[in-house]
Amino acid sequence: MLAVFKREFKSYFTNPLGFIVLAAFYFFLGLGFLLIFSAGSPNMAETIFFTAQIGILYFIIPVITMRLFSDERRQKTDQALFTAPVKLIHIVLGKFFAAFVLYAMGFLPTIIFQLIVSGYKANASYFFYYVYALLGIMLFGGALIAIGMFI
């Protein structure tokens, strides 16, 4: 499973797909944070931008997942992969976790956003709202990645 994970994760960054996805993701995260923070509502549970980011995820997740199995067929490496001494579940999980880690890397700037907001608000409950919101968006993204891999 680890070998499949490394191969898939490396393949995201050997071509520009991973960089483009992360750049688009960071752009929309930063734009949303700028708009919400400048409006005077620095609640990070709101600035993970569920209303705006959910719509963006519907475009980013298919870009991440649509090449997981089709690249194997296109490069004619699917038979070598399926006949390797690796169980099918390990192949699927390796590909899933590679896509999920790329997706999770998209939300790394929100930690910086939370630190900025924490400098202005000393209420600790907002941090827990942020953690729960981040956990929810990670689970939602994992579900979308699983659906994308299934399709």
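On a predicted model such as this, the values are computed, not experimentally measured, just so you know. (Residues numbered from 1 in each chain as written. Predicted model: local features only at pLDDT ≥ 70, side-chain atom pairs only at ≥ 80, totals over all residues. Heavy atoms only, no water.)

## Topic: helix α1 (residues 2-14)
Phase 1 of the analysis: Over its 13 residues, α1 runs 18 Å from end to end, which matches the ideal 18 Å to within 8%, given 1.5 Å per residue.
Phase 2 of the analysis: Of all the residues in α1, the buried ones are V4, E8, S11 and Y12. Around the axis of α1, the buried residues are gathered within 105° of arc, so they sit on the same side. Exposed and facing more than 90 degrees away from the buried side of α1 are L2, A3, K6, K10 and T14. (Helix = DSSP H or I, 4+ residues; strand = E, 2+ residues; numbered from the N terminus. Expected span 1.5 Å × (residues − 1). Buried < 20%, exposed > 50% of the residue type's maximum accessible area, 1.4 Å probe, protein only. Arc of directions from axis to C-beta.)

## Regarding the packing of aromatic side chains
Phase 1 of the analysis: Counting across every chain of the model gives 11 aromatic pairs.
Phase 2 of the analysis: Consider the rings of F5 and F9, whose centres lie 5.9 Å apart with planes at 10°: the pair is stacked. Here the residue F5 and the residue F9 both occupy positions in helix α1, the gap between them amounting to four residues, near one helical turn.
Phase 3 of the analysis: Where F96 meets F97, the ring centres are 5.4 Å apart and the plane angle is 65°; that geometry is what we call edge-to-face.
Phase 4 of the analysis: Assessed through its relative accessible area of 17%, F96 is described here as buried. (Phe/Tyr/Trp six-rings, centres within 6.5 Å; stacked < 30°, edge-to-face > 60°.)

## So, the packing of helix α2 (residues 17-38) against helix α8 (residues 109-120)
Phase 1 of the analysis: Look at α2 against α8: their axes get within 10 Å of each other, and the N-to-C directions meet at 15°. The angle between α2 and α8 falls in the class roughly parallel. For the pair α2 and α8, the crossing hand works out as right-handed. On α8, the residues touching Y26, L29, G30, F33 and F37 of α2 are P109, T110, F113, I116, V117 and Y120. (Axes fitted to C-alpha atoms, helices over the stretch in contact; angles between N-to-C directions. Parallel < 35°, antiparallel > 145°, perpendicular 65-115°, else oblique. Left-handed = near helix turned anticlockwise from the far one by under 90°. Contact = heavy atoms within 4.5 Å.)

## Quick notes on the nonpolar core
Phase 1 of the analysis: Grouped together as the largest cluster of nonpolar side chains are 27 residues, with contacts concentrated most on Y103 and F107.
Phase 2 of the analysis: Mapped onto this core, the elements with two or more residues apiece are α2, α4 (50-65), α7 (88-105), α8 and α9 (125-150).
Phase 3 of the analysis: In terms of residue count, the dominant contributor to this core is α9 (seven residues).
Phase 4 of the analysis: Other than its neighbours up to four places away in sequence, Y103 contacts F25, L57, I61, I137, M138, G141 and I145. (Core = buried A, V, L, I, M, F, W, Y, C linked by side-chain atoms within 4.5 Å.)

## Here we look at the confidence of the model for the chain
Low pLDDT marks regions whose predicted coordinates should not be analysed in detail.
Phase 1 of the analysis: Averaged over all residues, the pLDDT of the chain equals 82, while 87% of them reach at least 70.
Phase 2 of the analysis: When mean pLDDT is compared element by element in the chain, α7 scores highest at 91, while helix α3 (residues 44-47) scores lowest at 59. (pLDDT = per-residue confidence, 0-100.)

## Regarding the environment of F19
Phase 1 of the analysis: Tracing the backbone through its elements, the reader meets F19 in helix α2.
Phase 2 of the analysis: Residues F19 and L102, 83 residues apart in the sequence, show an inter-C-alpha distance of 9.9 Å.
Phase 3 of the analysis: Excluding anything up to four places from it in sequence, F19 contacts Y12 and F13.

## A short note on the pattern of salt bridges
Phase 1 of the analysis: Here the structure, examined in full by the defined rule, presents two salt bridges.
Phase 2 of the analysis: For R67, the salt bridge is made with E8, and the minimal N-O distance between the two is 3.9 Å. Of this pair, R67 sits in the loop between α4 and α5 (70-74) while E8 is found in helix α1, placing the two residues 59 residues apart along the sequence. E8 carries the same exposure label as R67, and that label is buried.
Phase 3 of the analysis: With a closest N to O distance of 2.7 Å, E8 and K95 form a salt bridge. With E8 in helix α1 and K95 in helix α7, this pair connects stretches of sequence that are 87 residues apart.
Phase 4 of the analysis: Since its relative accessible area comes to 4%, E8 is described here as buried.
Phase 5 of the analysis: What emerges from the salt-bridge pattern is a single network uniting E8, R67 and K95. (Salt bridge = Lys/Arg side-chain N within 4 Å of Asp/Glu carboxyl O.)

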